[in-house]
Amino acid sequence: VEDNAMNKQIIRNAQDEIFYEANLDQENGWIYINWIGDIELEDVKRGTQAYLDLLAISGCRKLLNDNSLLTSNFLEINEWIEANVVPVAVQSGLRYMAHILSPKFIARFSAIDLGLRMKPVEFHAFKEIGKAEKWLKSKE
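Being a predicted model, the structure only gives us computed values, none of them experimental. Once a new chain begins, its residue numbering starts again from 1 and follows that chain's sequence as written. Reporting of local features is limited, given that this is a predicted model, to residues whose pLDDT is at least 70; pairs of side-chain atoms are given and counted only at 80 or more, and all residues count toward the totals for whole chains, interfaces and linings. Calculation of side-chain values draws on the structure's entire complement of heavy atoms; hydrogens and water are dropped beforehand.

**Student:** Just checking my understanding: could you explain the packing of aromatic side chains for this structure?
**Tutor:** Each aromatic ring pair is summarised here by two numbers: the centre-to-centre distance and the angle between the ring planes. When the centres of two rings from Phe, Tyr and Trp lie within 6.5 Å, Trp using its six-membered ring, the rings pair. Their planes under 30 degrees apart give stacked, over 60 give edge-to-face, and anything left gives tilted. Overall, the coordinates contain three aromatic pairs when judged by the stated rule. Ring plane angle 80° and centroid distance 6.5 Å describe the contact between Tyr96 and Trp135, whose orientation is recorded as edge-to-face. A residue pair is termed long-range when its members are at least 10 positions apart, and Tyr96 in strand 5 (residues 96-100) and Trp135 in helix 5 (residues 129-137) qualify at 39 residues. The same class applies to Tyr96 as to Trp135, namely buried. Seen from their ring centres, Phe126 and Trp135 are 5.8 Å apart, and the 50° between their planes marks the pair as tilted. We call a residue buried when its accessible area falls under 20% of the maximum for its residue type, exposed when it is over 50%, and partly exposed in between, using a 1.4 Å probe and counting protein chains only. Classification of Phe126 as buried rests on a relative accessible area of 10%. An aromatic cluster is present here, built from Tyr96, Phe126 and Trp135 joined pairwise through their rings. Numbering goes from the N terminus for both helices and strands, where a helix is a DSSP run of H or I of at least four residues and a strand is a run of E of at least two.

As structure tokens, then:
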């Protein structure tokens, strides 16, 4: 994980391409994650661990999870996220997750599945970032 500042993370894959960018947006009170391209399971694990580290430091209650540039299918990873990420994230303070859908249909389906697994986090999926931001801002 490259750290330009305490509140920014960048991770590259084996091909040296950035697939994960995270930013602690203190003004809005959320962590923004941008997932990029065709991501392998191991990369997702690296990214979610980096997010959990940032969450633990910040205690941030809101997550803006952007899959609009994602091209891979996440269905098989949702079970892993439910078991390994959600309990830790909730313990660290996560309460609200706005999820921006990938334009790819299969990834959208996996987003619906993910939402069902995110309990007790309040999860909402969006097609565009503006609506996602507005929803997160309405949450305390």
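**Student:** When you look at the pattern of salt bridges in this model, what are you seeing that I'm missing?
**Tutor:** When charged atoms on two side chains of opposite charge get close, those side chains can pair. The working definition used for a salt bridge is a side-chain nitrogen of Lys or Arg within 4 Å of a carboxyl oxygen of Asp or Glu. Under the counting rule described, the total for this entry stands at five salt bridges. Ionic pairing is found between Arg46 and Asp43, a salt bridge with its closest N-O pair at 3.3 Å. Linking Arg46 with Asp43, this pair stays in helix 1 (residues 41-58), spanning three residues, or about one helical turn. By relative accessible area, which is 39% here, Arg46 ends up partly exposed. Put simply, Arg117 and Glu82 hold a salt bridge, and the shortest N to O gap is 2.7 Å.

**Student:** Looking at this model, I keep getting lost on the environment of Ile57. Mind explaining?
**Tutor:** When you line up the elements, Ile57 lands in helix 1. As a C-alpha pair, Ile57 and Ser92 span 35 residues in sequence and 8.7 Å in three-dimensional space.

**Student:** How should unusual backbone geometry be read in this particular structure?
**Tutor:** A cis amide bond links Lys119 with the next residue in sequence, Pro120, at an omega value of 5°. Considering the arrangement of structural elements, one finds Pro120 in the loop between helix 4 (105-117) and strand 6 (122-126). Positive phi outside glycine occurs at Asp16, with the angle close to 65°. Looking at the element boundaries, Asp16 is found in the loop between strand 1 (8-12) and strand 2 (18-25). The exposed category is assigned to Asp16, whose relative accessible area is 52%.

**Student:** For this particular structure, what's the right way to read the nonpolar core?
**Tutor:** In globular proteins that are soluble, nonpolar side chains generally tend to be buried together. Nonpolar cores are built from buried Ala, Val, Leu, Ile, Met, Phe, Trp, Tyr and Cys residues. Side-chain atoms within 4.5 Å join them into one set. In terms of nonpolar packing, the biggest core is built from 30 residues, with Tyr20, Ile31 and Tyr51 touching the most fellow members. The biggest single contributor to this core is helix 1, with six residues. Contact partners of Tyr51, with chain neighbours within four places excluded, come to Gln9, Tyr20, Ile31, Ile33, Leu63, Ala89 and Leu94. Membership of the second largest hydrophobic core comes to nine residues, among which are Trp30, Leu64, Tyr96 and Ile100. Contact definition: two residues touch when any of their heavy atoms are within 4.5 Å.

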